Structure formats: structure tokens, C-alpha cells
Amino acid sequence: MTVPPGQCCAPIAREPLAEDTAAELAVLLKAVADPVRLRLLSMIASHAGGEACVCDLTGAFDLTAPTISHHLKVLRTAGLIDGERRGTWVYYRVVPEAVNRLGALFTPLASRVDTPHDEAAPSPVLR
């Protein structure tokens with residue numbers, strides 16, 4: 001993994017997070033820490049055109065419509081998705097800035113080169 005110019009390491013490894021920043025990021029992390037919500041986020045982001053009707057999402061789960069609505073509300077409240085009502089359906093799309101903020105939190109954690117003890121540490125393996 002190549003480290004972007006001017007960025008030695010992931011934000012969480014560069015310096016301790018400020019309390020308010022940690023609180024903001026925790027809301028995002030809590031929202032995606034549920035398998036159903038993580039799948040919903042992925043389904044919306046990968047759907048053709050970058051948005052998905054709630055009618056496209058409910059069939060993928062063995063859950064009631066109110067349960068799916070609850071999970072979508074959690075994602076929306078966290079600011080990870082946005083929705084627009086069109087007739088009787090709501091269409092959801094990912095908020096790129098919020099999702100990118102989560103990704104940037106850990107990237108490029110595995111490629112730290114700023115301290116000698118990192119050189120001896122093996123690269124983490126994700127399973």
C-alpha cells in the first residue's frame with residue numbers, strides 16, 4: 001500500500017483523536033456495526049445509479065418492513081445515507097463524505113513508516 005504524499009499514517013495513528021471528533025466518528029461506527037445496516041449501506045452504494053428504492057432493499061432480508069425502516073433510519077440519522085420520497089417510495093443514496101470519513105480513519109494504517117518499531121511489526125492480516 002502506498003502512503004499518499006504528506007500523510008504518514010491513518011488519523012488514529014497520527015495523533016490521539018480529540019474528544020468531539022471521537023464522539024462524531026463513534027456515531028458513524030455504531031451505525032455500521034450491525035450486519036443488516038452494513039449490508040444496507042453496501043446495497044445502496046452499489047446499486048445502479050447510486051441510489052436504491054426501499055422496495056429494492058426489503059426483499060434481501062428475512063425481516064419485517066418496520067425493522068428495515070428502523071435500520072435505514074439509524075443510517076440516515078448518522079448521516080451515512082440520505083433519502084428522497086418519490087410518490088409512495090423512498091429512494092436512498094450514500095453520503096460520500098460520511099463514508100469517506102470512515103474509510104480515511106483507518107487508511108493507510110498498515111503502511112506506517114514513521115517509527116522504528118513499525119519496521120519489525122508484521123503487516124496485519126484481515127480475515
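Preceding this section is the structure that the text describes.
1. Quick look at the packing of helix α2 (residues 19-32) against helix α5 (residues 65-78)
Where α2 contacts α5, the two axes come as close as 9 Å, and the packing angle between them is 160 degrees. For the element pair α2 / α5, the angle class is roughly antiparallel. Between α2 and α5 the crossing geometry is left-handed. Residue-level contacts link Val27, Leu28, Ala31 and Val32 of α2 to Val74, Leu75 and Ala78 of α5. For the contact of α2 with α5, the residue count by class is seven nonpolar, no polar and no charged.

2. Regarding the pattern of salt bridges
For the coordinates displayed, the defined rule picks out seven salt bridges. Glu24 is the partner of Arg101 in a salt bridge, and the nearest nitrogen-oxygen pair spans 2.8 Å. One end of the pair, Arg101, is in helix α6 (residues 96-106); the other, Glu24, is in helix α2, and 77 residues separate them in sequence. Among the residues examined, Arg101 registers a relative accessible area of 33% and is labelled partly exposed. By relative accessible area, Glu24 is classed as partly exposed at 40%. Members of the salt-bridge network, linked through shared partners, are Glu51, Arg76, Asp82, Glu84, Arg86 and Arg93.

3. Here we look at the side chain of His71
Checked against the element boundaries, His71 lands in helix α5. Overall, the relative accessible area of 9% leaves His71 in the buried class. Here Arg37 takes part through its side chain, which lies 3.1 Å from a polar atom of the side chain of His71.

4. As for the nonpolar core
Within the largest apolar cluster, 24 residues are counted, with the highest numbers of intra-cluster contacts made by Ile44, Leu72, Leu80, Ile81 and Tyr92. The set of elements that each furnish at least two residues to this core consists of α2, α3 (35-46), α4 (54-57), α5, β3 (89-94) and α6.

5. Details of the sheet that holds strand β2 (residues 81-86)
As summarised here, the arrangement of the three strands in space is β1-β3-β2, forming an open sheet in which the pairing is antiparallel. Of all the strands in the sheet, just β1 (51-53) and β2 have a single pairing partner and so form its edges. Shown here is a sheet whose adjacent strand axes are inclined to one another by a mean of 25 degrees, direction ignored. Note: β1 against β3, three bridges, orientation antiparallel. Across the sheet, Ala52 pairs through a bridge with Tyr92, a residue of β3. Sheet strands touched by α5: β2 and β3. Its angle to β2, the strand with the most contacts, is close to 120 degrees.

Calculation criteria
Residues numbered from 1 in each chain as written. Predicted model: local features only at pLDDT ≥ 70, side-chain atom pairs only at ≥ 80, totals over all residues. Heavy atoms only, no water. Axes fitted to C-alpha atoms, helices over the stretch in contact; angles between N-to-C directions. Helix = DSSP H or I, 4+ residues; strand = E, 2+ residues; numbered from the N terminus. Parallel < 35°, antiparallel > 145°, perpendicular 65-115°, else oblique. Left-handed = near helix turned anticlockwise from the far one by under 90°. Contact = heavy atoms within 4.5 Å. Nonpolar A, V, L, I, M, F, W, Y, C, P; charged D, E, K, R; others polar. Salt bridge = Lys/Arg side-chain N within 4 Å of Asp/Glu carboxyl O. Buried < 20%, exposed > 50% of the residue type's maximum accessible area, 1.4 Å probe, protein only. Polar contact = N/O pair within 3.5 Å; in protein donor to acceptor, adjacent residues only side chain to side chain. Core = buried A, V, L, I, M, F, W, Y, C linked by side-chain atoms within 4.5 Å. Pairing = 2+ DSSP bridges.

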